[in-house]
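Letter by letter, the chains look like this.
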Amino acid sequence: MSPDLRLHRDMFAPLPTSPSRQTIPYLDHNATTPCDPAVVEAMAPYWSQQFANPSQRGHRPGLVAAMAVDQARQTVADALGVAPSQVIFTSGATEANNLAIKGLCEQRLGHGRHLVTVATEHAAVLEPCRYLERLGFAVTVLPVRPDGRLALEALTATLQPDTVLVSVMAANNETGVLQDVEAIAALCRERQVAYHCDAAQACGHLPMDLTGWGVDLLSLSGHKFYGPKGVGALVVRPGLVLAPQLHGGGQEGGHRSGTLSPPLIVGLAKALTLALQDQKERGQRLQALRDRLWHGFNGLQFPPGVELLRNGCPPHSLPHTLSVAVRGVDGARLHGQLRRRVALSSGSSCSSTSGKPSHVLRAMGRSAAEAAASLRFGLGRGTTAADIDQALAAVQEALELAAYG
Ligand SMILES: *Cc1c(COP(=O)(O)O)cnc(C)c1O
C-alpha cells in the first residue's frame, strides 16, 4: 500500500479519544466555508423549476431566469459600490484571476510586457504570471517583509514604463495578512499601470467599497463567504478592456462565454448580502475567539526546545485567521496527530497535497521545517469557544507526540 493511501485510511479511522463526538471542530474556513442555509434556500427554485437559460430572453421562462441574474448582478454591484455592468460572473476566483491577468496582458501586448506580483500570492495569480513569462513577458515577483507585508518602496522601484499590470492580493489565504490595497491602487493610478487585486479572502470579511479602494480589477469567490462553490466574479473598472479567455456564445459582454448558472449566481448574491450584513459583528466575535486561541497557545506546555512563533502581522490581519509555526517539532507528525481531532490547514490546501512547504511562509523567511510545522486556523460563523478549547487540547497532546527526540 502506498503511504498516501495509508494516510487516507487513517483519516477516517474512529476518533480515538472522544468516541461520542461525531464531528471535529472545523477551523479551515480560509479553504472554504459551508454554504449558508439561507443561500441554499435562495438557490433552490433555479435548479428544476426556473431552470431556463438566461440568454433566452425571447420566451417567458428565459426572461424569468434572466431577471434573476440581472437582480443578482445588481445586488453584487450595490454591495461592492460599482455598476452592474462592471461585474463579470466566473466559475470562481481562479478563473477571475486568469481572466484579469491574461486578459489584460493580452489586450495590452503593444503597450508593454512587464508585470509585477508578490511572492505570497495565491497560485491562481502566480501561475498565470508564470504562464505569461513563458510567452515572453517579464515578470517581477516582489519579496515581502518578514511580517508578510509588501514594502511599497519596493513596488515603486520596480515599476517601469512598460509595466502593464500589478497584481497584489487584499488578504492572504494562509496567514490572513492584509496588504495596503488603497496605497497600491493610488501608486498604480499615478503611474498608469492597471492594478488587479485578488480579494477572494477579503470579500465578505472586510468592509468593501471598491470605488474607495480604487482598484482596476478585483477577483472574488462565492465559497469563501458562505456561498456556493463554482461561482465568483471579476469586477472591472469602466473603460478597461480585457481580451476574453473563454470564446463562444459571447455571454458577459463577450468577456466570458458559457451558459450562466442562475442558481449559483443567485446564491453568490445572497451570500454576499448576508456576509456584509454580519461582517462587522462576525469579525469582532471571531477576533475575540482568535485571540482566545492565541492566548491559549501561549499557555500550553511546550516540550523543551519547542517554541511558538506567530506568522504574519497581527495589526494588519483578517480577524478570523491565525497562523502559527511550532519551531522544534516535526511538521508531518504534528499534522498527523492533529488531523483526527481538528480540521485545520498546514498553511495551504495546495501545499498540503504537493507536500512542499508553503511558498508563502518561505517567502516570509520561515525555514522549510518551520513552514511544515505551521498551523493555520480559519475561524468562521459556526465557530464556538468550545471549538477553540478543543483545538487547544488537541494541540497540547500533539505537541508532546510530535516533539523531536
Ligand atoms: C480560494 C482562493 C482562490 C481560488 O478561488 P476559487 O474560487 O476556489 O477558484 C484564489 N485566491 C485566493 C486568495 C483564495 O483564497
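Residues numbered from 1 in each chain as written. Predicted model: local features only at pLDDT ≥ 70, side-chain atom pairs only at ≥ 80, totals over all residues. Heavy atoms only, no water.

**A word on the domain arrangement of the chain**
Split by domain assignment, the chain resolves into domain 1 (22-36 + 278-402) and domain 2 (38-277). A straight line from the C-alpha centre of domain 1 to that of domain 2 covers 28 Å. Carbon and sulfur atoms supply 53% of the area that domain 1 and domain 2 bury against each other, a total of about 3000 Å² over both sides. At the boundary of domain 1 with domain 2, the tally comes to 21 residue pairs in polar contact (both at pLDDT 80 or more). Those elements that provide at least two residues to the side of domain 1 that touches domain 2 are α10 (262-298), β9 (321-327) and α13 (359-363). Residue contributions to the side of domain 1 that touches domain 2 peak at four residues, all from α13. Tallied by class, residues from the side of domain 1 that touches domain 2 come to 10 nonpolar, 17 polar and five charged. (Domains from an automatic or database assignment. Buried area = accessible area lost by both parts, 1.4 Å probe. Polar contact = N/O pair within 3.5 Å; in protein donor to acceptor, adjacent residues only side chain to side chain. Helix = DSSP H or I, 4+ residues; strand = E, 2+ residues; numbered from the N terminus. Nonpolar A, V, L, I, M, F, W, Y, C, P; charged D, E, K, R; others polar.)

**Points about the packing of aromatic side chains**
For the structure shown, the criterion picks out one aromatic pair. On the numbers, 5.7 Å between centres and 70 degrees between planes, the contact of Phe297 with Phe377 is edge-to-face. Here Phe297 is found in helix α10, whereas its partner Phe377 is found in strand β10 (residues 374-378), with 80 residues between them in sequence. The exposure classification of Phe297 matches that of Phe377, with both residues buried. Seen from the ring of Trp294, Arg310 lies directly overhead, with NZ or CZ sitting 5.0 Å from the centre. (Phe/Tyr/Trp six-rings, centres within 6.5 Å; stacked < 30°, edge-to-face > 60°. Buried < 20%, exposed > 50% of the residue type's maximum accessible area, 1.4 Å probe, protein only. Lys NZ or Arg CZ within 6 Å of the ring centre and 35° of its normal.)

**A word on the site of the ligand**
Looking at the ligand, the residues that line it are Gly92, Ala93, Thr94, His122, Met169, Asn173, Asp198, Ala200, Gln201, Ser221, His223 and Lys224. Between the ligand and Ala93, the relevant distance is 2.8 Å, taken from an oxygen atom to a main-chain nitrogen or oxygen of the residue. One nitrogen or oxygen atom from the side chain of Gln201 is found 2.7 Å from an oxygen atom belonging to the ligand. Bound to the protein, the ligand loses 87% of the 380 Å² it would expose on its own. Grouping the constituent residues of the shell around the ligand by class yields three nonpolar, seven polar and two charged. (Near = heavy atom within 4 Å. Areas by Shrake-Rupley, 256 points an atom, 1.4 Å probe, with all protein chains shown as cover.)

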